[in-house]
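# Structural description and commentary
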Amino acid sequence: SWISKNLGDMESIIESILKESFFVYCHDFQSMEQYLEEVLAGFWAKIFGMRYATHQNYKLHEYLALVDGTRKILEDVQPQKGSPNCFNVVRNAMNNQNKPYLDVLHKYSKTKLISALEQDQWKVAPVSEYMQEVVLGFSNPRQGRRRSDSGSRTIECLVLQGKKFFLVPSTVVFIQTISDLVSYSSYLPQHTTEVTHRMIELFKIYNAMSCNLILGAGAMNSAGLKSISAKHLAAIAQAISFISFILPAIIENLTSKLLPLHQNILMPQFRSLSRDLGEHHSRIEKKLVKIMQDRLLANLRVLVSMAQTWGDMDVAEYKPSQFARTVTKQIDVLKGALCPMLLQEELESIFGDICTKYSETIVKHFKELPKGNKHWYGQLHADAQSILTCLDGLPAGGKGASDLKDFCSELLSVQNQL
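Residues numbered from 1 in each chain as written. Predicted model: local features only at pLDDT ≥ 70, side-chain atom pairs only at ≥ 80, totals over all residues. Heavy atoms only, no water.

### Examining the overall build of the chain
Where we set the bar: Put simply, DSSP H or I for four residues or longer makes a helix, DSSP E for two residues or longer makes a strand, and each gets a number counted from the N terminus. Each residue is placed in one exposure class: buried if its accessible area under a 1.4 Å probe, protein chains only, is under 20% of its type's maximum, exposed if it is over 50%, and partly exposed if it falls in between. Only heavy atoms enter the contact rule, under which two residues are in contact if any of them lie within 4.5 Å. Only the protein chains shown count as cover for residues, with accessible areas throughout obtained via the Shrake-Rupley method and a probe of 1.4 Å.
Looking only at helices and strands, one finds 19 helices and four strands in the chain. With 418 residues in all, the chain has 45% of them scored as buried. Counting only contacts in the chain whose residues sit at least 6 apart along the sequence, the fraction spanning at least 24 positions is 79%. Here the chain displays about 21,200 Å² of accessible surface, and carbon together with sulfur accounts for 52% of that area.

The structure is reproduced here in structure tokens:
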């Protein structure tokens, strides 16, 4: 709008020039039209220079509108074929402001993302339906930036290729910062190399900081969390899975605008980033498994003294002991925390390891217990069968508790002989 206003003011300047038309011939201009174009372009470029500081404070959509509007006007004033293009001075003036604006945008994005990570409570929450459009827009940035009436509605999670992703607040901020860079690259593809470097940095910031905050327990200081729970670990697992999932679309979007030389330079950085994300996610899964292992070992410490009383029992039907009830309850609590949030492949990886380790560890300790009478074997079988039923109900991806299943069969055989 300011372009049209200021260019409209040129009428008085043009009238003045027409009164002094002999000036054209004195300076070897081929025509009055060429001279007016030179004056207009110079005036336009001067406006750009005067408004430099203002442009650097624009919001992204305002700056991109400025770029788009300027381009459209320049297309309307293209010179005849073979004529000098005096409006290149305007293009140069605009291009000289693009890189500084990208620096300002990136600095703001980093500050915003770091602040969001430090304050995040790592609790999933509904998000604006517009976020779904933004993420889908990574493969079509200009379409993705169009805000529709869905901005006022919320959804429980994002759905991408049939996979559900539940987001925490810092992930939403991450999406916004990434979307800004994708849009900038779409409107100004000549700056895609600079955009790509900054994009990789934002991915690395999120990955490194989230790891330190949850696996390193930094969120207990920065966000005041009392402890790092399984739900917190599930939330960060979802966050890392999500950004790993959208990374290929980001890579394809950006590299399609890069020269082959720049692609060869930047692709190894993307591959390294992908490996880092995978390693982070693997550490989260191992942390969850380790927590459950520690809980099982704590329960097993009281098993020996508890098992000494089993031989005194004389009941018609044996029920799970306090040991078995505690073990199965802890498993069910973890299942309730993870299953509503994580992807199927994540659940199978985590619970598959838990099934295997629980089965092996429990059988090992059961076999080391001092043997007792038939009542003792009856209670042991009740506990083993209760835990086996619980493990079989987990989404373990085919990694069943085979050791514990075989042990239950052995116990039945022993009981029948007593």
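There's more to say after this.
### Side note on the nonpolar core
Filter applied, for reference: Note on terminology: a nonpolar core comprises buried Ala, Val, Leu, Ile, Met, Phe, Trp, Tyr and Cys residues joined through side-chain atoms within 4.5 Å.
Residues W122, F242 and L404 are the most contacted members of the largest nonpolar core, which totals 119 residues. At 15 residues, helix α13 (residues 230–255) tops the list of elements feeding residues into this core.

### Regarding unusual backbone geometry
A positive phi angle is found at W122, which is not glycine, with a value near 55 degrees. Residue classification places W122 among the buried residues on the basis of a relative accessible area of 1%. Its identity as a non-glycine residue notwithstanding, Q161 has a phi of 50 degrees, on the positive side. As for its placement among the helices and strands, Q161 is situated in the loop between β3 (158–160) and β4 (163–165). The class of Q161 is exposed, set by a relative accessible area of 74%.

### Some words on the packing of aromatic side chains
Applied cut-off: Pairing of aromatic side chains here covers Phe, Tyr and the six-membered ring of Trp, requires ring centres within 6.5 Å, and sorts the geometry by plane angle: under 30 degrees stacked, over 60 edge-to-face, intermediate tilted.
The full count for this structure, using the stated rule, is nine aromatic pairs. Measuring from centroid to centroid gives 6.3 Å for W310 and W376, while their planes differ by 45 degrees, and the two rings are tilted. Note that W310 is positioned in the loop between α15 (303–307) and α16 (322–338) and W376 in helix α18 (residues 374–392), a separation of 66 residues in sequence. Across this residue pair, the class does not change: W310 and W376 are buried.

### Quick look at α16
Convention followed: By this rule the span expected of a helix is its residue count minus one, scaled by 1.5 Å.
Over its 17 residues, α16 extends 24 Å from the first C-alpha to the last, a length consistent with the 24 Å expected when each residue adds 1.5 Å. Among all positions of α16, only F323, A324, V327, T328, Q330, I331, L334, A337 and L338 are buried. In this structure, the buried side of α16 is in contact with α13, α14 (260–300), α15, α17 (344–368) and α18.

### Some thoughts on the packing of helix α6 (residues 60–76) against helix α7 (residues 88–119)
Note the following rule: Only the stretch in contact is used when a helix axis is fitted, and all axes are lines through C-alpha atoms; the angle between N-to-C directions ranges over 0 to 180 degrees. Angle categories are assigned with fixed cut-offs, so that under 35 degrees is roughly parallel, over 145 is roughly antiparallel, 65 to 115 is roughly perpendicular, and the rest are oblique. What makes a crossing left-handed is the near helix being turned counterclockwise from the far one by less than a right angle; a clockwise turn instead makes it right-handed. Just so you know the grouping, Ala, Val, Leu, Ile, Met, Phe, Trp, Tyr, Cys and Pro go in nonpolar, Asp, Glu, Lys and Arg go in charged, and all remaining residues, Gly too, go in polar.
Look at α6 against α7: their axes get within 12 Å of each other, and the N-to-C directions meet at 165 degrees. The angle between α6 and α7 falls in the class roughly antiparallel. Remark: the crossing between α6 and α7 carries left-handed chirality. Packed against α6, whose contacting residues are L60, Y63, V67, T70, R71 and L74, the element α7 presents V90, R91, M94, Q97, N98, Y101 and L105 at the interface. Looking at the contact of α6 with α7, its residues break down into eight nonpolar, three polar and two charged.

### Observations regarding the packing of α16 against α17
Across the interface, α16 lies against α17 with an axial gap of 12 Å and an inter-helix angle of 170 degrees. Relative to α17, α16 is oriented roughly antiparallel. Residues F323, V327, I331, L334, K335 and L338 of α16 form the contact with α17, whose own contacting residues are L347, I350, F351, I354, Y358 and F366. Of the residues belonging to the contact of α16 with α17, the class tally is eleven nonpolar, no polar and one charged.

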